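Spelled out, the chains give:
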Amino acid sequence: MGNCGTREESAVVSNAQVQQLNTLSSVSTKAGNPSSEKKHSRSVSDLSDPYTPRKLEDASKNALLYTHVIAFTLYELETITKSFRSDYILGQGGFGTVYKGYIDENVRVGLKSLPVAVKVLNKEGLQGHREWLTEVNFLGQLRHPNLVKLIGYCCEDDHRLLVYEFMFRGSLENHLFRKATIPLSWGTRLMIALGAAKGLAFLHNAERPVIYRDFKTSNILLDSDYTAKLSDFGLAKAGPQGDETHVSTRVMGTYGYAAPEYVMTGHLTARSDVYSFGVVLLELLTGRKSVDKTRPSKEQSLVDWARPKLNDKRKLLQIIDPRLENQYSVRAAQKACSLAYYCLSQNPKARPLMSDVVETLEPLQCSNCEVSSSSMPSTFTGGRGSYATGGIPNYRMHRRFPNNVGPVASCRSPGPNCSPGGPAACRVR
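Residues numbered from 1 in each chain as written. Predicted model: local features only at pLDDT ≥ 70, side-chain atom pairs only at ≥ 80, totals over all residues. Heavy atoms only, no water.

(A) Quick peek at the overall build of the chain. Assigned secondary structure in the chain consists of 11 helices and 14 strands. Within the chain, the proportion of its 429 residues that are buried is 53%. Counted over contacts in the chain with a minimum sequence separation of 6, partners at least 24 positions apart contribute 68%. Counting only carbon and sulfur atoms, one obtains 50% of the accessible surface of the chain, whose full area is about 20,100 Å². (Helix = DSSP H or I, 4+ residues; strand = E, 2+ residues; numbered from the N terminus. Buried < 20%, exposed > 50% of the residue type's maximum accessible area, 1.4 Å probe, protein only. Contact = heavy atoms within 4.5 Å. Areas by Shrake-Rupley, 256 points an atom, 1.4 Å probe, with all protein chains shown as cover.)

(B) Examining unusual backbone geometry more closely. Positive phi, close to 50°, is recorded for D157, a residue that is not glycine. Tracing the sequence through the fold places D157 in the loop between β5 (150-156) and β6 (159-165). A relative accessible area of 62% means that D157 is categorised as exposed. The backbone of D232 shows a phi angle near 60°, a positive value even though the residue is not glycine. Tracing the chain through its elements places D232 in the loop between β9 (228-230) and β10 (237-238). Its relative accessible area of 22% is what places D232 among the partly exposed residues.

(C) Highlighting the sheet that holds strand β1 (residues 70-71). Taken in spatial order, the 6 strands line up as β1-β5-β6-β4-β3-β2 in an open sheet, and their pairing is mixed. Edge positions in the sheet fall to β1 and β2 (89-92), since each has one partner strand and no second. Inspection of the sheet shows β1 paired to β5 by 2 bridges, in the parallel sense. Each residue of the ladder has a partner; that of A71, found in β5, is Y153. (Pairing = 2+ DSSP bridges.)

(D) Here's a closer look at the packing of helix α6 (residues 186-204) against helix α11 (residues 354-361). Close contact between α6 and α11 brings their axes to 8 Å; oriented N to C, the two are set at 155°. With respect to each other, α6 and α11 are oriented roughly antiparallel. The two elements α6 and α11 cross, and the hand of that crossing is left-handed. Of α11, the residues touching α6 (which contributes A193, L194, A197, K198, L200, A201 and H204) are M354, S355, V357, V358 and L361. Here the contact of α6 with α11 is composed, by residue class, of 9 nonpolar, 2 polar and 1 charged. (Axes fitted to C-alpha atoms, helices over the stretch in contact; angles between N-to-C directions. Parallel < 35°, antiparallel > 145°, perpendicular 65-115°, else oblique. Left-handed = near helix turned anticlockwise from the far one by under 90°. Nonpolar A, V, L, I, M, F, W, Y, C, P; charged D, E, K, R; others polar.)

(E) Structural detail: empty space enclosed by the protein. The final tally for this structure, using the stated rule, is 1 cavity of 30 Å³ or more. Space inside the largest cavity adds up to approximately 80 Å³. R213, D214, Y257, A258 and S276 are the residues nearest the centre of the largest cavity, which is lined by 14 residues in total. Take the lining of the largest cavity: its biggest share by element is 3 residues, from helix α8 (residues 270-286). (1 Å grid on protein atoms, 1.4 Å probe; cavity = no way out; pocket = protein on both sides within 12 Å on 5 of 7 lines; lining within 4 Å. Points joined across faces, edges and corners; volume = space filled by probe spheres on them.)

(F) Representation of the nonpolar core. Ranked by size, the top nonpolar core spans 84 residues in total, and within it L203, F215, I220, L230, F233, F277 and L361 carry the most contacts. With 10 residues, the top contributor of residues to this core is α6. Of the domains in this structure, domain 1 (56-165) and domain 2 (170-366) are the two that each give at least three residues to this core. Within the second largest apolar cluster, 18 residues are counted, among which are F72, Y99, V116 and V118. (Core = buried A, V, L, I, M, F, W, Y, C linked by side-chain atoms within 4.5 Å. Domains from an automatic or database assignment.)

(G) Up close: the UniProt feature "binding site: ATP" (unreviewed entry) in the chain. The positions that UniProt labels "binding site: ATP" (unreviewed entry) are, in the present scheme, K119. Counting through the fold element by element, K119 comes out in strand β4 (residues 114-121). Apart from the residues within four sequence positions on either side, K119 is in contact with F95, T97, V98, E135, R160, L161, L162, Y164 and D232. A polar atom in the side chain of K119 sits 3.0 Å from the side chain of E135. (UniProt positions renumbered as here; feature names shortened; annotations may be inferred. Polar contact = N/O pair within 3.5 Å; in protein donor to acceptor, adjacent residues only side chain to side chain.)

(H) Fine view of the environment of P209. Assignment of secondary structure puts P209 in the loop between α6 and β7 (210-211). Its relative accessible area of 26% is what places P209 among the partly exposed residues. The spatial distance from the C-alpha of P209 to the C-alpha of P240 is 7.5 Å, given a sequence separation of 31 residues.

(I) The arrangement of the pattern of salt bridges in detail. Taken as a whole and assessed by the stated rule, the structure comprises 12 salt bridges. A salt bridge links E299 to R288; the shortest N-O distance between them is 2.9 Å. On the criterion of sequence distance, the pair formed by E299 in the loop between α8 and α9 (302-310) and R288 in the loop between α8 and α9 is long-range, its members being 11 residues apart. In this structure R288 comes out as buried when scored by relative accessible area, which is 16%. Between R314 and D312 there is a salt bridge, with its nearest N and O atoms 3.6 Å apart. Under the relative-accessibility criterion, R314 is labelled exposed at 73%. Among the charged side chains, a salt-bridge network with shared partners connects K119, E135 and D232. (Salt bridge = Lys/Arg side-chain N within 4 Å of Asp/Glu carboxyl O.)

See below:
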C-alpha cells in the first residue's frame, strides 16, 4: 500500500491529521448544526428512512451539489443506518460492510437529500486503516463522472467509515453473473465498457497519474442510467514520476485480473490497469467470469481460453455471450474483440493507452451500428498484419489517431435513439 504519509500536501487527510479529526469534525458539526449537542435526546425515528422512494432525477442533481468532502460524526452515520441494522446491508467485502442510508437536513442543517452508501471498516489490522486513508485522499481530490463520488468520511477513535453516493443498480458483477438477472444488452455492455474506460483514462492522465490496481467487475458500480463508475480506491497508487518507469510495490489485487508482469515482479504501471480492463471487457463480451472453477480445466481461466480466439475471425463469434442471441453488430463485436486482444498482450508496451481505448470504444456505442474502418486505429483494420488476416501488428499507441475524422458510424435500422449522424447521437437505453 505504501506509506500513506507520503501523499502530497494537498491530500485530504494524512496520518498526522488523523488524531485531529475527532476535534475538527466535532467543532464543524456543532457550528453547522447546534442540535448535535443534544444528539442523545433525538430519536432515530426522527430521521429519514433510506428506503423512502424519491425521484432519481432529484438524487442525481443533489449529488452534484456535494463538492466538498464532509466529516461526519459516528452518531450521524449510526442514525442514518439505524445503528447499522442488518436489513440495511448492501454488501460485504474485504474492507468491511456497506450499508444504505439517507442524508438530508434532518441529519445536519444544510445537507441536501441524498441516498448514500456507508462503508464501515473492519477494525482488525493496520492495513484496513491505510486503505481507508488512501480512499479518502484519492477520492477526496478526484472528481469525474465515471468515479463514484465520496460524500464524506468518519474518523472517531478506532472507527473508520466512508460515505459514497448511492449507486442504484449495484455492481456490474451482479448484472453479469447473477442467474436471476436479465442479461445486459449489447449496447449497455459497450456503454459500461466506455464509461469504465473513461474513468481509468482520467486517473492515468491526472496531473500526477493514479494507478487503480484493482479494476474488476465488482468495483464497477452502475447508476440508474447504467453509467459506470469506479469505486473502492483502497489499493490505488500514485503512478511513477519523472524518469521512473514503474512503481515497485507489494503485489495486491484480485487473481484473474492482475497483469502477469505485475504478479511476477511487483512492478506497477498504468499498463497494468489496461490488462485488467481487457479482462473486464472480455467478461462483458463473453458473459463468463475471469476465473470459473466450475468449468472444464481448459476453460477455467477466461484469458487463457478466449484470447487465442480473439484474433481468429472464424472463432471469435463463438465466444460472444449466447444470452445476447445475436442481437449485436458483427463488425462492432470484431472491433471490441480486437481491442480486448491488445489490452491482454503479455508485453505491457504492446497494450494501448486508456485514452486510445476510449477512442476505440466511442464509435461502437450504437448497438445497431456498422462501424467504418476510419473509426479504428490502422493497426486494427485493413492491410498487412491486420486483424482480418489473423496477424499481430506492431501495436504502437499514440495519444490521438490522425485518421479518426469524419462520420464513423451508420445505423442498420435508424431510429429515434440511433441517428446515422455519428456516435454522439446513439443512445443506449
